[in-house]
Amino acid sequence: MNALREKIQHEIREGGPIPFSRYMEMCLYDPELGYYSRNAAQFGKAGDFYTSSDVHAVFGRLLARQFEEMWRLLGSPEQITLRELGPGRGLFAQDVLDWSEKKFPDFFQALHYVLVESSPALRQRIDSALDKHLARGKAAMWTPQETSGAVAQTLAVRHGTTEAVAFPSIVFANEFFDALPVEVVGAEGSLRIDSRDGRFVETWSSPSSEELEFLDRYSVHPEAGERVEVPLQAQMHMRAAASLERGFVVVIDYGYSREEQLAGRHRGTLKAIRQHSVSDNPYEAPGEQDITADVNFTALAALAEREGMQTQRLITQSQFLLGIGEANEFADAFEDCRLPQERAKVALQLKHLVTPAGMGESFQVLVASKGISGEKVSKLAGLSFATRAR
Ligand SMILES: C[S@@+](CC[C@H](N)C(=O)[O-])C[C@H]1O[C@@H](n2cnc3c(N)ncnc32)[C@H](O)[C@@H]1O
């Protein structure tokens, strides 16, 4: 018997049916048995899924180039904090730090990299991957609790209750928001998980006013047979990210806009993923498969704007990376290649990151800024390709 299944069933026996978000939270983040807590072998070709940093270091290198340009746009401050949400094993951070040290020494000098990771197993992986940068204080690792403390401090400074120097910051999240627990709403109501005869069964209760308000503002009301996700936790994380004093928020993820939902797409995007195959059954093998829901970018952008940020038009990862890499013909990718075979292999990896058939069109990029002219921001390399293509 699956130990996590038993633990969830025990909770249901004690307190009654649980919201879907609680089920998803236990499956992914239960401290001992959750998917992200158990081990760190989910990522990469041998695991269940791979992310852009698994494909090639060029993803982090191109982003390092973009972050350096953002830093210059902010007036090259003496310190800038780059906070990465859900860094996993820290591969991306490693690529950004190493490339910045090599190519952008002034930016590297100013850079302070904070990794906010909730999984203890992944934090251990980060500890060894980034030992050099952690040891000399260039990087730091925070728990989500430490981050909320820091965000509360920023807000207190903004409202004049404490004094502190707030350096500009960039908050970055790749495939973070799609891994956060969501509520699920169908025409029958808000989904609850019950247990009967050792099996999970779906039941429905009246949606909360918060869920209904979310659907009214940012999504659609599901019709018979449809389901939509309500990402209340994502809202909370975006609010915290966007509360920075001055700087940028960059979110890259699978996702959609409300317009696409109105056109009938992206209604029900919940997926379970195991060994690179996707199923729509999240109740199988709890804790042994990843569960994700695509990101509602309309909601994220609206929240950023509510926190005083200016948002740029949503673009694809393909447009974003092409914009950053085209000026030097993706030299960042080929720097370590000595032989033609190595160049050919890297060219394929780059193609995978950029082209529609690979990851280029399935991922969207949201850039939000605060305290810088929106016109200047729209000229950033990563946004320029999409602007010209319009
Ligand atoms: C799909 S993985 C993406 C990892 C990495 N960004 C990448 O692209 O390879 C999602 C990550 O978010 C982390 N995570 C989930 N909720 C979190 C939270 N509240 N605070 C910090 N990290 C969290 C998970 O442990 C996991 O490492």
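Structure first, text after, so check above.
These numbers come from a predicted model, not from an experiment.

Here we come to the overall build of the chain. Secondary structure summary: the chain contains 19 helices and 17 strands in total. Taken over the C-alpha trace, the chain has a radius of gyration of 21 Å; the compact-globule value for 390 residues is 21 Å, and the two agree within 12%. By residue count, 43% of the 390 residues in the chain fall in the buried class. Taking as baseline every contact in the chain between residues at least 6 positions apart, the subset at least 24 positions apart corresponds to 74%.

Within the structure, the ligand sits among 19 residues, and T51, G86, G88, S119 and P144 are positioned closest to it. When grouped by side-chain class, the residues that make up the shell around the ligand number 10 nonpolar, seven polar and two charged.

Turning next to helix α2 (residues 20-29). The buried count for α2 comes to seven of 10 residues, which makes it a mostly enclosed element. Within the sequence span of α2, burial applies to F20, S21, Y23, M24, M26, C27 and L28.

Turning our attention to the nonpolar core. I170, A242, V249, V250, L300 and A304 are the most contacted members of the largest nonpolar core, which has 101 residues in total. The biggest single contributor to this core is helix α5 (residues 58-73), with eight residues.

Turning next to the sheet that holds strand β13 (residues 290-292). Strand pairing in a sheet takes place through backbone hydrogen bonds and is either antiparallel or parallel in direction. Strand order in the open sheet formed by three strands is β12-β11-β13, with antiparallel pairing between adjacent strands. The strands lining the two open edges of the sheet, one partner per strand, are β12 (277-279) and β13. The average angle at which neighbouring strand axes cross in this sheet is 30 degrees, direction not considered. The sheet contact formed by strand β11 (residues 271-274) and β12 spans three bridges and is antiparallel. Along β12, the bridge assignment pairs I273 with V278.

So, about the packing of α5 against helix α15 (residues 317-325). Contact geometry for α5 and α15: axes closest at 10 Å, N-to-C directions at 70 degrees. As summarised for this structure, α5 and α15 are arranged roughly perpendicular, according to the angle between their axes. From α5, L62, R65 and Q66 reach across to α15, where they touch L321, I324 and G325. Per-class residue counts for the contact of α5 with α15 are three nonpolar, two polar and one charged.

Mapped onto the fold, G60 is located in helix α5. G60 gets classed as buried once you count the C-beta atoms within 10 Å, which come to 24. Sequence separation between G60 and Q94 is 34 residues, and the spatial gap between their C-alpha atoms is 8.0 Å. Apart from the residues lying within four places of it in its own chain, the contact partners of G60 are S53, F92, D95, V96 and W99.

On to the environment of L270, then. With respect to the helices and strands, L270 occurs in the loop between α13 (258-262) and β11. A residue is classified by how many C-beta atoms lie within 10 Å of it, and L270, with 19 of them, is partly exposed. Apart from residues no more than four positions distant in its own chain, L270 is found in contact with V184, E229, D280, P282, I291 and A293.

Here we come to the packing of α5 against helix α6 (residues 91-103). The interhelical angle for the contact between α5 and α6, taken along N-to-C directions, is 60 degrees, at an axis separation of 8 Å. Our classification of the angle between α5 and α6 gives oblique. Crossing of α5 over α6 shows right-handed handedness. Contacts from G60, R61, L63, A64, F67 and E68 of α5 reach α6 at F92, D95, V96, W99 and S100.

Although it is not a glycine, E175 adopts a positive phi angle of roughly 50 degrees. Position of E175 relative to the elements: it lies in the loop between β5 (169-174) and β6 (183-186). Look at H276: it is not a glycine, yet its phi comes out positive at around 65 degrees. With respect to the element layout, H276 can be found in the loop between β11 and β12.

Our next topic: the environment of L63. The topology assignment puts L63 in helix α5. For the pair L63 and G325, spaced 262 residues apart in the sequence, the C-alpha separation amounts to 9.7 Å.

Parameters and conventions
- Residues numbered from 1 in each chain as written.
- Predicted model: local features only at pLDDT ≥ 70, side-chain atom pairs only at ≥ 80, totals over all residues.
- Helix = DSSP H or I, 4+ residues; strand = E, 2+ residues; numbered from the N terminus.
- Rg over C-alpha atoms; globule rule 2.2 N^0.38 Å.
- Buried ≥ 20, exposed ≤ 12 C-beta atoms within 10 Å, placed from the backbone.
- Contact = placed C-beta atoms within 7 Å.
- Near = placed C-beta within 6 Å.
- Nonpolar A, V, L, I, M, F, W, Y, C, P; charged D, E, K, R; others polar.
- Core = buried A, V, L, I, M, F, W, Y, C linked by C-beta atoms within 7 Å.
- Pairing = 2+ DSSP bridges.
- Axes fitted to C-alpha atoms, helices over the stretch in contact; angles between N-to-C directions.
- Parallel < 35°, antiparallel > 145°, perpendicular 65-115°, else oblique.
- Left-handed = near helix turned anticlockwise from the far one by under 90°.

Honestly, that's just the spatial picture; any functional story needs more than this.
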